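Structure assessment
Here is what each chain is made of, one letter per residue.
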Amino acid sequence: MMNEKGLIKVPNMHLSWLKVLESEFKKSYMSELRDFLKQEKFKKKIIFPPTEKTFACLKLTALDSVKLVILGQDPYHGLGQANGLAFSVRDGQPIPPSLQNIFKEISQDMKESPPKNGDLSFWAEQGVLLLNSVLTVEKGCPTSHSGKGWEEFTDKIIQILNLKENIVFMLWGSYAQKKGSIIDAKKHKVLKAPHPSPLSAHRGFFGCKHFSQANDYLCKIGKSPIRWTKKL
């Protein structure tokens with residue numbers, strides 16, 4: 001979308017996504033979003049994730065390979081954390097509390113040891129779209145890029161996926177559930193639970209068994225299950 005000098009470039013995403021989203025980059029909201037990001041960089045503000053990782057979820061998970069979608073809100077705002085995948089952090093970073101709780105639920109649900117680090121790119125490579133509603137954030141300022149246009153862009157992504165069939169959607173917390181309210185539960189498997197944040201995980205995220213439910217559904221429709229705990 002934009003290089004470090006603020007110049008427009010072809011978004012770093014899989015061609016399958018670029019084909020269906022190309023028209024979005026020509027719309028006024030996206031032009032306004034580009035201008036906003038350019039001004040933020042001009043003000044020397046630090047924006048996460050790095051520019052080349054902004055569309056990482058659409059780079060690692062091709063449109064036709066999407067089996068499952070996990071919706072997040074916006075990227076981590078700490079130095080070195082965000083890698084463009086919802087709930088994921090760069091390899092070598094401490095695992096954030098919400099992701100720790102996700103791993104706890106996976107361990108309990110799947111009866112397997114959780115991943116050893118917080119880089120979830122191996123999920124993305126299996127067809128798990130780790131989509132944040134907002135794709136950028138200012139360092140140290142959570143939700144700072146909300147309401148700037150990203151929500152409209154990611155709504156379009158959900159609309160595109162909703163036209164398909166037999167995708168699992170994991171909607172954790174009221175924000176994700178509102179974002180995913182357009183999803184047709186007759187065509188897709190929609191799993192809802194409280195957010196895995198330490199503030200809410202004990203209200204029903206723990207014990208939701210979303211990970212085994214998702215794999216059971218994928219196997220039922222003839223797709224391979226997700227390896228939640230380890231790489232091959």
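What comes next is a walk through the structure. (Residues numbered from 1 in each chain as written. Predicted model: local features only at pLDDT ≥ 70, side-chain atom pairs only at ≥ 80, totals over all residues. Heavy atoms only, no water.)

What follows deals with the pairing of strand S2 (residues 68–72). Working note: regular strand, side chains alternate between the two faces of the sheet. A large share of S2 lies buried, amounting to five of its five residues. Residues Leu68, Ile70 and Gly72 of S2 are buried on one face, and the alternating residues Val69 and Leu71, pointing to the opposite face, are buried as well. By the bridge criterion, five bridges tie S2 to strand S3 (residues 128–132) in an arrangement that is parallel. Each bridged residue has a counterpart across the sheet, and for Ile70 the counterpart in S3 is Leu130. Note that S2 and strand S5 (residues 168–172) share three bridges and pair parallel. Of the residues in S5, the one forming a bridge with Ile70 is Met170. (Buried < 20%, exposed > 50% of the residue type's maximum accessible area, 1.4 Å probe, protein only. Helix = DSSP H or I, 4+ residues; strand = E, 2+ residues; numbered from the N terminus. Pairing = 2+ DSSP bridges.)

With omega at -5 degrees, the peptide bond leading from Phe48 into Pro49 counts as cis. Within the element layout of this structure, Pro49 appears in the loop between strand S1 (47–48) and helix H3 (56–60). The backbone of Phe87 shows a phi angle near 70 degrees, a positive value even though the residue is not glycine. Inspection of the secondary structure puts Phe87 in the loop between S2 and helix H4 (97–110). On the basis of relative accessibility, which here comes to 10%, the residue Phe87 falls in the buried class. Positive phi is not limited to glycine here, since Thr143 has a value of about 60 degrees. By secondary structure assignment, the location of Thr143 is in the loop between strand S4 (137–138) and helix H6 (150–162). Take Thr143: its relative accessible area is 39%, and that puts it in the partly exposed class.

Each pocket or cavity is described by its volume, and for the largest pocket that value is around 580 Å³. Taken together, 31 residues form the lining of the largest pocket, with Gln73, Asp74, Tyr76, Ser98 and His195 sitting closest to its centre. Listed by contribution, the elements that provide at least two residues to the lining of the largest pocket are S2, H4 and helix H7 (173–179). When residues of the lining of the largest pocket are assigned to their parent elements, the largest contribution, four residues, is made by H7. Its residues assigned to classes, the lining of the largest pocket shows 15 nonpolar, 15 polar and one charged. (1 Å grid on protein atoms, 1.4 Å probe; cavity = no way out; pocket = protein on both sides within 12 Å on 5 of 7 lines; lining within 4 Å. Points joined across faces, edges and corners; volume = space filled by probe spheres on them. Nonpolar A, V, L, I, M, F, W, Y, C, P; charged D, E, K, R; others polar.)

So, about the nonpolar core. In terms of nonpolar packing, the biggest core is built from 65 residues, with Trp17, Trp123 and Phe153 touching the most fellow members. It is H6 that contributes the most residues to this core, six residues altogether. Excluding residues within four positions of it along the chain, Phe153 makes contact with Met13, Leu21, Glu24, Phe25, Tyr29, Met30, Phe55, Leu58 and Leu135. (Core = buried A, V, L, I, M, F, W, Y, C linked by side-chain atoms within 4.5 Å. Contact = heavy atoms within 4.5 Å.)

For H6, with 13 residues, the first-to-last C-alpha span of 18 Å sits near the 18 Å given by 1.5 Å per residue. Three or more residues of H6 are buried, namely Trp150, Glu151, Phe153, Thr154, Ile157, Ile158, Ile160, Leu161 and Asn162. (Expected span 1.5 Å × (residues − 1).)

Our next topic: the side chain of Thr136. Looking at the element boundaries, Thr136 is found in the loop between S3 and S4. Of note is the side chain of Thr136, whose polar atom sits 2.7 Å from the side chain of His145. When neighbours within four sequence positions are excluded, Thr136 is seen to be in contact with Leu37, Ile47, Phe48, Pro49, Thr54, Pro75, His145 and Trp150. (Polar contact = N/O pair within 3.5 Å; in protein donor to acceptor, adjacent residues only side chain to side chain.)

As a further point, take the packing of helix H2 (residues 28–42) against H6. Remark: H2 packs on H6, axes separated minimally by 9 Å, with the N-to-C direction vectors making an angle of 135 degrees. Taken together, the axis directions place H2 and H6 in an arrangement best described as oblique. For the pair H2 and H6, the contacting residues are Tyr29, Met30, Leu33 and Leu37 in the first and Trp150, Glu152 and Phe153 in the second. Looking at side-chain class alone, the contact of H2 with H6 contains six nonpolar, no polar and one charged residues. (Axes fitted to C-alpha atoms, helices over the stretch in contact; angles between N-to-C directions. Parallel < 35°, antiparallel > 145°, perpendicular 65-115°, else oblique.)

Moving on: the side chain of Asn83. Tracing the sequence through the fold places Asn83 in the loop between S2 and H4. There is a polar contact of 2.9 Å between the side chain of Asn83 and the side chain of Ser88. The contacts of Asn83, once residues within four sequence positions are left out, are Pro49, Lys53, Ala56, Ser88, Val89, Arg90 and Asp119.

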